[in-house]
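Analysis of the macromolecular model
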Amino acid sequence: MSQSSAATNLHSSLASLNSQLLLAPMAGVNDPVFRAICRRLGAGITYTEMISAKGLAYGNLKTQEMITALQGDKPYAVQLFGDDPQIMAAEAHKLALRLKDDLALIDINMGCPARKVTSTGSGAALLQKPKLAASIVTEVSSAVVLPVTVKMRLVCKSNDIRTLSFAEDMVASGAQAITIHGRTAEQFYTGRARKDIAGALVRHLEIPIFASGDVCTQDDIQEYWSLGVNAVLAARGARGNPWIFSGHKPSIIEIAEVAREHTVGLYEFEPRKLVWMRKHLAWYFKGSPEALKIRKAVQTAVSLEDYLVILDEASRR
């Protein structure tokens with residue numbers, strides 16, 4: 001493929017996400033069934049869980065499962081994390097060859113604040129290592145002919161210039177879009193995310209800017225749109241609420257039906273993952289009259305039948 005054709009493909013692929021609400025990557029949440037449900041209910045694209053490039057290189061079975069997608073959720077995005085530019089590039093190249101047109105883009109995580117990630121020099125730790133971060137983006141961008149994007153946080157709470165400069169360096173290294181979460185790594189998910197930093201990046205850079213952080217209501221989404229961002233990523237606001245992508249307020253019957261679809265689908269995909277439905281059902285019914293009862297009931301649920309009985313009782317009330 002010529003360089004001009006590649007550039008055209010990059011532009012058109014990202015342009016298709018303009019004004020779209022996307023499902024952000026969430027560890028232990030974004031199973032293939034949940035992603036497909038979000039897609040059906042309006043998500044522009046979905047992201048996998050955060051994937052370890054080294055885990056892929058080592059052929060880890062669980063890591064391989066995480067990049068699976070159902071037919072209704074294609075094309076989709078894969079988010080990689082790691083601290084080795086060569087491994088990141090090699091695994092990105094393999095993913096592109098394996099998934100072909102099913103792969104919308106590769107996102108490089110530079111925002112995860114979890115200790116088990118940052119202690120390896122990955123995730124948000126890269127915010128303090130701009131040269132290494134730039135090298136990763138350069139190598140991955142050179143290894144694939146599809147959009148490579150970067151997910152990042154505030155580099156410093158009191159100095160926006162450092163955040164803008166880091167993002168600028170990533171763009172110079174080949175990033176085709178930047179997703180910004182308006183908290184520092186030290187904040188984790190406490191306090192309020194700064195939405196205004198997304199607007200600052202829109203004004204500062206000439207590439208698509210995606211925004212995340214505290215996307216829980218339609219007002220939150222509209223606030224981000226008012227800043228001129230190209231796409232908004234819903235994370236915690238989508239847990240148990242895939243209707244956030246359509247703005248629809250579901251009835252308890254609708255909630256129970258989708259929760260049942262999720263439960264059965266996850267069991268059919270991988271029975272070992274059925275235990276994930278304990279937290280998913282708690283999220284689905286959060287704020288409902290049945291919430292407390294369901295949270296207690298799922299703690300002893302083991303079999304698929306156990307979960308379905310809980311859902312049947314919830315839908316009859």
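A brief report on the enclosed structure follows. Residue positions are counted from 1 within each chain, in the order its sequence is given. Given that the model is predicted, a residue must reach a pLDDT of at least 70 before its local features are reported, and side-chain atom pairs must reach 80 or more before they are shown or counted; all residues, however, enter totals for whole chains, interfaces and linings. As a convention, hydrogens and water are excluded, and side-chain values are obtained from all of the structure's heavy atoms.

With that settled, the discussion passes to the side chain of His181. Numbering of helices and strands starts at the N terminus; helices are DSSP runs of H or I of at least 4 residues and strands are runs of E of at least 2. The residue His181 is located in strand S6 (residues 177-184) in this model. Accessible area is worked out with a 1.4 Å probe on protein chains only. A residue is then buried under 20% of its type maximum, exposed over 50%, and partly exposed in between. The class of His181 is buried, set by a relative accessible area of 7%.

Moving on to the packing of helix H5 (residues 85-99) against helix H7 (residues 130-143). In this description, a line fitted to the C-alpha atoms serves as the axis of each element, helices being fitted only across the stretch in contact, and the angle between N-to-C directions of two axes falls anywhere from 0 to 180 degrees. Here H5 crosses H7 at 25°, and the two axes come no closer than 8 Å. Judged by the inter-axis angle, H5 sits roughly parallel to H7. Note on packing geometry: the crossing formed by H5 with H7 is right-handed. Contacts between H5 and H7 pair Pro85, Gln86, Met88, Ala89, Ala92 and His93 from the former with Leu132, Ser135, Ile136, Glu139, Val140 and Ala143 from the latter. In terms of residue class, the contact of H5 with H7 is made up of eight nonpolar, three polar and one charged. Orientation categories follow fixed angle ranges, with anything under 35 degrees roughly parallel, anything over 145 roughly antiparallel, 65 to 115 roughly perpendicular, and all other angles oblique. Should the near helix be turned counterclockwise from the far one by less than a right angle, the crossing is left-handed, whereas a clockwise turn marks it as right-handed. Contacts: residue pairs with any heavy atoms within 4.5 Å of one another. Residues are grouped as follows: Ala, Val, Leu, Ile, Met, Phe, Trp, Tyr, Cys and Pro are nonpolar; Asp, Glu, Lys and Arg are charged; all remaining types, including Gly, are polar.

Attention now goes to H5. Counted at 1.5 Å a residue, the expected span for H5 with its 15 residues is 21 Å, and the 21 Å between its end C-alpha atoms agrees. Whenever a nitrogen or oxygen atom comes within 3.5 Å of another N or O atom, the pair is scored as a polar contact, on the condition that within protein one atom can donate a hydrogen and the other can accept it, and that pairs from neighbouring residues in sequence are kept only if both atoms are in side chains. Its side-chain oxygen 2.9 Å from the backbone nitrogen of Gln86, Asp84 forms the N-cap of H5. A positive backbone phi angle near 50° is found at Lys100, which sits one or two residues after H5. Residue count minus one, scaled by 1.5 Å, sets the expected span of a helix.

Moving on to the pattern of salt bridges. Criterion for a salt bridge: a side-chain nitrogen of Lys or Arg within 4 Å of a carboxyl oxygen of Asp or Glu. For the structure on display, the rule yields 17 salt bridges. Residue Arg194 pairs with Asp196 through a salt bridge whose shortest N-O separation is 2.7 Å. When its relative accessible area of 41% is taken as the criterion, Asp196 is described as partly exposed.

Nothing here speaks to function; it is geometry throughout.
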